[in-house]
Amino acid sequence: MRSEGIMVLLTTTVIMMYFCWMMSPKELMLMNLQSHKLIHQKQLFVLAGQSNMLGLGGVNKTAIFNGAKIKVWNGVVPPESRQNPAVFRLNEHWEWELAHEPLHYGINCKITCGVGMGMAFANKLLQMDPNFGVIGLVPSAAGGTSVRNWSGDYADTPYRVLLERTRSAVKQGGALRAIIWYQGEADTIHPYNAKHYKTGLEKFIHRLRNDLHFPSLPFFQIILPRIRKPFRGTLVDKVKRAQRDINLPNLIKIDTDGLPLSSDGVHLTTEGYIRLGFTLANAFLETNSKLLQNKNVVSMYNTSDFNVA
Ligand SMILES: *[C@@H]1O[C@H](CO)[C@@H](O)[C@H](O)[C@H]1NC(C)=O
Ligand SMILES: *[C@@H]1O[C@H](CO)[C@@H](O)[C@H](O)[C@H]1NC(C)=O
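What counts, and where the lines are drawn
- Residues numbered from 1 in each chain as written.
- Chains lettered and ligands numbered in written order.
- Predicted model: local features only at pLDDT ≥ 70, side-chain atom pairs only at ≥ 80, totals over all residues.
- Heavy atoms only, no water.
- Helix = DSSP H or I, 4+ residues; strand = E, 2+ residues; numbered from the N terminus.
- Contact = heavy atoms within 4.5 Å.
- Areas by Shrake-Rupley, 256 points an atom, 1.4 Å probe, with all protein chains shown as cover.
- Near = heavy atom within 4 Å.
- Polar contact = N/O pair within 3.5 Å; in protein donor to acceptor, adjacent residues only side chain to side chain.
- Nonpolar A, V, L, I, M, F, W, Y, C, P; charged D, E, K, R; others polar.
- Buried < 20%, exposed > 50% of the residue type's maximum accessible area, 1.4 Å probe, protein only.
- Core = buried A, V, L, I, M, F, W, Y, C linked by side-chain atoms within 4.5 Å.
- pLDDT = per-residue confidence, 0-100.
- Salt bridge = Lys/Arg side-chain N within 4 Å of Asp/Glu carboxyl O.
- Pairing = 2+ DSSP bridges.
- Right-handed = clockwise from strand over helix to strand, strands pointing away.

**Thoughts on the overall build of the protein**
At step 1: If you tally the helices and strands in the protein, you get ten helices and ten strands.
At step 2: Of all intrachain contacts in the protein linking residues separated by at least 6 positions in sequence, the fraction that spans at least 24 positions is 74%.
At step 3: For the protein, the exposed surface amounts to about 15,400 Å²; the carbon and sulfur share of it is 58%.

See below:
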């Protein structure tokens, strides 16, 4: 029959056109661009909190600043925290550059920050999953801040900076994967803050997810280690309990008991930051498959759960 012949001819033509389109120079070019595109589509991790997120590893060299003796970074970068061609940071000018320690340099920190957990985390993640893509770190911590600086009803500076830096990173081309939060030391000093820590942190998380239009944004919360004297905060157990009691979807907790502290009783040593970074990389990859399926994840990891060697 004639109409059947026309149908066969039409179908063949459509199939041939499809193959021609597939192999066109434009399509081949796009395929070659995939790897280049990774640079513009970063996997974003926001780092926020107070000084332990700024990172004080190796800040043990004495210097004179404005007539006063202070401690500055000794410049030692451990191999675990070395530069990596696939790890970038949003710098103090809100531009991407190859990431390097101190990660927070220029962001709420000029002279007293050193090695933190961020580079060790990113390096470990890429070592465990070499196909993960290009990582964009968005350092946004501010030293000495209490949870009220991030959740207060007034528009507080650290929160605004965190929000705008994150928005800018996403706009410049990236997929927001998680926020990593290490904070609470300042809230162990005043009873009011310790008492309201849980509601303050819940409010912060809700507000951030809301403002970013990302209600399931994975939130990795580091639970304070056993901080001690000479640090002046005494309500450590109270804040730790509040941190453990928080229960929200996609909130992943990292217990840090046992990580080495420096002589100030509150900041981790370089080794401590590296172990924490490695634990975070493990925890992220373990929870990631569930997070991608939009399943809610509530888990607790301990820095001793993973072999860090
Ligand atoms: C200073 O920090 C380095 C790590 O960067 C460490 O190896 C060294 O022991 C520290 N020195 C003191 C006196 O704490
Ligand atoms: C945090 O809040 C306190 C009390 O309102 C304020 O004095 C301090 O400047 C704030 N810190 C920052 C970094 O904005």
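**Quick notes on the environment of Glu97**
At step 1: Within the secondary structure layout, Glu97 lies in strand E5 (residues 96-98).
At step 2: Linking Glu97 and Val87, residues ten residues apart in sequence, is a C-alpha distance of 8.7 Å.
At step 3: In this structure, Glu97 is in contact with Phe88, Arg89 and Asn91, ignoring residues within four places of it in sequence.

**Section: the site of ligand 1**
At step 1: The environment of ligand 1 is formed by Gly58, Asn60, Asn74 and Val76.
At step 2: With respect to ligand 1, the side chain of Asn60 contributes an N or O atom lying 2.4 Å from an oxygen atom.
At step 3: Measuring from an oxygen atom of ligand 1, one finds a side-chain N or O atom of Asn74 at 3.1 Å.
At step 4: Summarising the interface, the protein chains cover 35% of the accessible area of ligand 1, which totals 360 Å² for the free molecule.
At step 5: Partitioning the shell around ligand 1 into residue classes produces one nonpolar, three polar and no charged.

**What about helix H4 (residues 118-128)?**
Residues lying three or four places apart along an α-helix face the same way, a consequence of the helix completing one turn every 3.6 residues.
At step 1: Buried residues dominate H4, accounting for nine of its eleven residues.
At step 2: The complete set of buried residues in H4 reads Gly118, Met119, Ala120, Phe121, Ala122, Asn123, Lys124, Leu125 and Leu126.

**Quick notes on the nonpolar core**
At step 1: Formed by 78 residues in total, the largest nonpolar core has its most connected members in Phe45, Ile180 and Phe204.
At step 2: In contact with Phe204, other than residues within four places in its own chain, are Trp150, Ser151, Tyr159, Leu162, Ile179, Trp181 and Phe219.

**A look at the confidence of the model for the protein**
At step 1: Averaged over every residue, the pLDDT of the protein is 88; the share at 70 or more is 82%.
At step 2: Of the regions scoring below 50 in pLDDT, residues 20-34 engages in three contacts with residues more than four places distant in sequence or in other chains.

**Here's the deal with unusual backbone geometry**
At step 1: Following Glu101, the chain continues into Pro102 via a peptide bond in cis, with omega recorded as -10 degrees.
At step 2: Within the secondary structure layout, Pro102 lies in the loop between E5 and H4.
At step 3: Across the junction of Lys229 and Pro230, the peptide omega takes the value 5 degrees, indicating a cis bond.
At step 4: Its location among the elements puts Pro230 in the loop between strand E8 (219-223) and helix H9 (236-245).
At step 5: Phi is positive for Asn66, close to 50 degrees, though the residue is something other than glycine.
At step 6: Mapping Asn66 onto the fold places it in the loop between strand E2 (59-65) and strand E3 (68-73).
At step 7: Overall, Asn66 belongs to the exposed group, its relative accessible area being 73%.
At step 8: One non-glycine residue, His213, adopts positive backbone phi at about 55 degrees.
At step 9: Inspection of the secondary structure assignment puts His213 in the loop between helix H8 (197-211) and E8.

**With respect to the pattern of salt bridges**
When the charged atoms of two side chains with opposite charge come close together, those side chains can pair.
At step 1: Overall, the coordinates contain ten salt bridges when judged by the stated rule.
At step 2: Two residues, Lys240 and Asp257, come together in a salt bridge whose shortest N-O distance is 2.8 Å. With Lys240 in helix H9 and Asp257 in the loop between strand E9 (251-255) and helix H10 (270-292), this residue pair connects regions lying 17 residues apart in the sequence.
At step 3: The exposure class of Lys240 is buried, given its relative accessible area of 1%.
At step 4: For Asp257, a relative accessible area of 24% corresponds to the partly exposed category.
At step 5: The residue Asp257 makes a salt bridge to Arg244 at a minimum N-O spacing of 3.8 Å. Pair noted here: Asp257 is in the loop between E9 and H10 and Arg244 is in helix H9, with a separation of 13 residues, a long-range link.
At step 6: In the salt-bridge network here, residues are joined through shared partners; they are Arg226, Asp237, Lys240, Arg244, Asp255 and Asp257.

**Brief notes about the pairing of E3**
At step 1: Of the pairings in the sheet, the one linking E2 to E3 comprises six bridges and is antiparallel in character. From the neighbouring strand, Ile64 faces E3, where its bridge partner is Lys69.
At step 2: Between the end of E2 and the start of E3, which pair antiparallel, lie two residues, with Asn66 showing a positive phi angle near 50 degrees.

**Overview of the pairing of E8**
At step 1: For E8, the tally of buried residues reaches five of five residues, placing the bulk of the element in the interior.
At step 2: Side-chain alternation along E8 places Phe219, Gln221 and Ile223 on one buried face and Phe220 and Ile222 on a second face that is also buried.
At step 3: Note: E8 against E9, five bridges, orientation parallel. What sits directly across from Gln221, in E9, is Lys253.
At step 4: Tracing the backbone out of E8, into H9 and back to the parallel element E9 gives a crossover that is right-handed.

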